[in-house]
Amino acid sequence: MLSEKLKIRLSFLAGILSWLLFTFFDLYLLFVDQYQLNVDLSAILPQIFLTTLVLSTLAYYRYTITKADSINFIDLLWRVFITGLVTTIGSLFIRLFFYIFGNSTISENPFTVNFLYNILVGLVVIYLVSTFVVWKRLILYQKSKNLIQLWGFFEYALLGSLIFDLFGNKFLSVNFNTALIFLGGLGIILAFNLKWIAYLNFRQKWKSILFIILSGIYLYHFLLNLMNFSETGALNLDLLDRAYFVALFIFIILYAGISILVTLFNLPTSSVFERKLQEAIDFQKLSQSIPAGQSAEQTYDILLESSMSAVFADAAWLEIDGEEPILLTRGVTPLTVKDIKESVKQDFIKKILSRQVSNEFAPSKVIGTLNYPDFKSIIAVPVMVQNEQIGTLALLQEVGDAFNREMVDIITTFVNQASISIENFHLIREALDNERYKEQLKIAKGVQKSLLPSVLEHNNCFEIEAYSMAADEVGGDYYDIIEPSKDIFNLIIGDVSGKGTSAAFNMAQMRGIFHSLAQDVSTPKEFITKANSAIGRCLEKNSFITAIYFVINTRERKFCYARAGHCPAMYYSASTGNITLLEKEGLGLGILRNSQYNEYVQEETINYQPGDLLLLYTDGISEAKNEYKKQYGADGLKTSLHNHINAPLGKLKDMLINDLLKFLNGNKLDDDYTLTIVRFK
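Summarised in this report is the structure supplied together with it.

1. Considerations on the overall build of the chain
Piece 1. Tallying secondary structure elements over the chain gives 19 helices and 15 strands in all.
Piece 2. For the chain, the residues scored as buried account for 51% of the 681 residues in total.
Piece 3. Contacts in the chain between residues at least 24 apart in sequence constitute 72% of all its contacts with a sequence separation of at least 6.
Piece 4. Here the chain has roughly 33,000 Å² of accessible surface; of this, 56% comes from carbon and sulfur atoms.

2. Overview of the sheet that holds strand β14 (residues 613–617)
Piece 1. Ordered by their spatial adjacency, five strands build an open sheet running β6-β15-β14-β11-β12, and the pairing between neighbours is antiparallel. Two strands close off the open sheet at either side, each with one partner strand: β6 (462–469) and β12 (579–582). Neighbour to neighbour, the strand axes of the sheet diverge by 15° on average, direction disregarded.
Piece 2. Along the sheet, helix α18 (residues 633–643) makes contact with β11 (569–572), β12 and β14, crossing β14 at roughly 145°.
Piece 3. In this fold helix α19 (residues 649–664) packs onto β6, β14 and β15 (673–680), with an angle of close to 145° to the strand it touches most, β15.

3. A closer look at the sheet that holds strand β3 (residues 367–369)
The strands making up a sheet associate through hydrogen bonds between their backbones, and the pairing can be parallel or antiparallel.
Piece 1. Taken in spatial order, the five strands line up as β2-β1-β5-β4-β3 in an open sheet, and their pairing is antiparallel. A single partner strand is all that each edge strand has here, and the edge strands are β2 (326–330) and β3. Neighbour to neighbour, the strand axes of the sheet diverge by 20° on average, direction disregarded.
Piece 2. Both strand β1 (residues 315–320) and strand β5 (residues 388–397) contribute to a ladder of six bridges, which runs antiparallel. In the sheet register, I320 faces β5, and the bridge partner there is G391.

4. Here's the deal with the environment of I481
Piece 1. Counting through the fold element by element, I481 comes out in strand β7 (residues 477–485).
Piece 2. Overall, I481 belongs to the buried group, its relative accessible area being 3%.
Piece 3. Considered as a pair, I481 and L491 are ten residues apart in the sequence and their alpha carbons are 4.4 Å apart.
Piece 4. Not counting residues within four places of it along the chain, the set of residues in contact with I481 comprises L456, E457, F462, I464, F489, N490, L491 and F514.

5. What to know about a nonpolar patch on the surface
Piece 1. Together, W78, I82, L85, V86, I89, F93, L96, Y99, I100, F101 and I106 make up an exposed nonpolar region whose accessible area comes to about 1,100 Å².
Piece 2. In terms of residue count, the dominant contributor to the nonpolar patch is helix α3 (residues 73–101) (ten residues).
Piece 3. Tracing the sequence through the fold places I89 in helix α3.
Piece 4. Overall, I89 belongs to the partly exposed group, its relative accessible area being 40%.

Calculation criteria
Residues numbered from 1 in each chain as written. Predicted model: local features only at pLDDT ≥ 70, side-chain atom pairs only at ≥ 80, totals over all residues. Heavy atoms only, no water. Helix = DSSP H or I, 4+ residues; strand = E, 2+ residues; numbered from the N terminus. Buried < 20%, exposed > 50% of the residue type's maximum accessible area, 1.4 Å probe, protein only. Contact = heavy atoms within 4.5 Å. Areas by Shrake-Rupley, 256 points an atom, 1.4 Å probe, with all protein chains shown as cover. Pairing = 2+ DSSP bridges. Axes fitted to C-alpha atoms, helices over the stretch in contact; angles between N-to-C directions. Patch = residues over 30% accessible without salt bridge, like charges linked within 9 Å, V, L, I, M, F, W, Y side chains within 5 Å. Salt bridge = Lys/Arg side-chain N within 4 Å of Asp/Glu carboxyl O.

Below you can see the structure in the form of structure tokens.
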């Protein structure tokens, strides 16, 4: 098998050689015609080498662009811009030549005209083919069976047009027009596949519009140059008489134009979408802020930062009553806070700031104006725990009327979430001191143990080992595997937010959902989406579950996975010796409880080889801290896996746990930790 680098070099050399042969035979035939030499040489030779130039250029850009999986959309459009810039500069030198020499003999010489035209043809081929490959990458961003089939048909039709062009059909002839209409119809259908635009932020959309407009200018420039050469009547081979190139021009212009229009229509909603996504992320961070061992102050800090981000506040403060009162500020000093309180005129906001609000308050009254030099708008929201105001969150803006009712709803949700988290934190700590609760935890521990599989189903194609340990008497980590059909195995590992009995209860719900859906659902993305829908109906509003789900097909030696906010699994390739993280995006189950959740789930399929290994784990391992508060991290686990990769699976599991315990050096784990290892035979 040829390596990728060798394929790139060979296609590059083939392209250069094809252009040289195309130019040589084109000029040689012109020479024969000019001097009426009796030479038996086929006029089709230049067209054959022009076709090989196209095919080798296509191969080159497919290897250099299509195989570059790390390239994002803006990088792809940047490649189009740079390639167009370089090729356009080259064509400008050709125009400069004719401008300098004007109507001189050298500029009117047929050999000069055709040689310079052949240079232009090479530049046009490079730009059209490279842009075509980028357009293909964008169109096939979210593949479907029908789309792949349609694109394949379109490519075969273009290949057919290359062969069709060898028969010398002229521009606007009947056959030429028929081929062009057919290819143009397919191009129009494909040009409306623009799902990649939805994944651009506001700034990226403006960049993409700029790059696509510039690509259109390049196309216009090349088309104008080609037409100018055609008008000379001195060409031995006219590119505009070839249906393949005219079809490429039309397809690229079509996709560029439709992309610009769709991107412009999407611009007004981009900022709103980004803001909603950030709110979901902030809400998830807030929901994760109170695992055992962390302090309430950390939740307050996250609340303050998230709230400022959600409403674009210029400054804020958070006051919390208690034995040791807390005052957190951003953009203001404690003295400024005191002055602002005194400058407030609205009675209801004054009551909030002085902690005199009952459980029921009017959200419409929490927005006020300020007569203060630096700030003109304020939102003041009470922090309530057990129907009692324990503090105040105040957000400030430098301009008047900067806040609205939607912003109040967002901040109220954040504050309520923080209040619930703090309240749950105290309730759980009090319950753990109760002997009766401890007795119940022993029972729950037995129940939880029975929920985890005692035997992990597998066949002769792989081995599997698992280990789980709860930080408290019971935990919320879960792993399982079933075989819904022969040689198909569905594997899951999950982590319920929080710990203790509520986490164990939610874990039991997750087990029921897994065993119900995994029997029928075919793809990981479909499972995650349906699991989120089921979880959303039974999980508390302040809870969520992270998970990663695999479908292992031992018959075809491949697996497919999707993540729901869980730690990326580690995949060891025996052939390369490399360990990679499986990092496809996905929100935790229960964070977004509507039909839009499906848009945030991605899946990936990987073909495995004998000796390859999968390591699934929960964040109790990666976030474990030693006495110096240093986290073990994914890097620590990755290093440990590298060190013991050749050990038998049972010993490998023990060695991974031992390395973790050595790192902790006696420090107690404050979260459940679970790992599952799969080694393919």
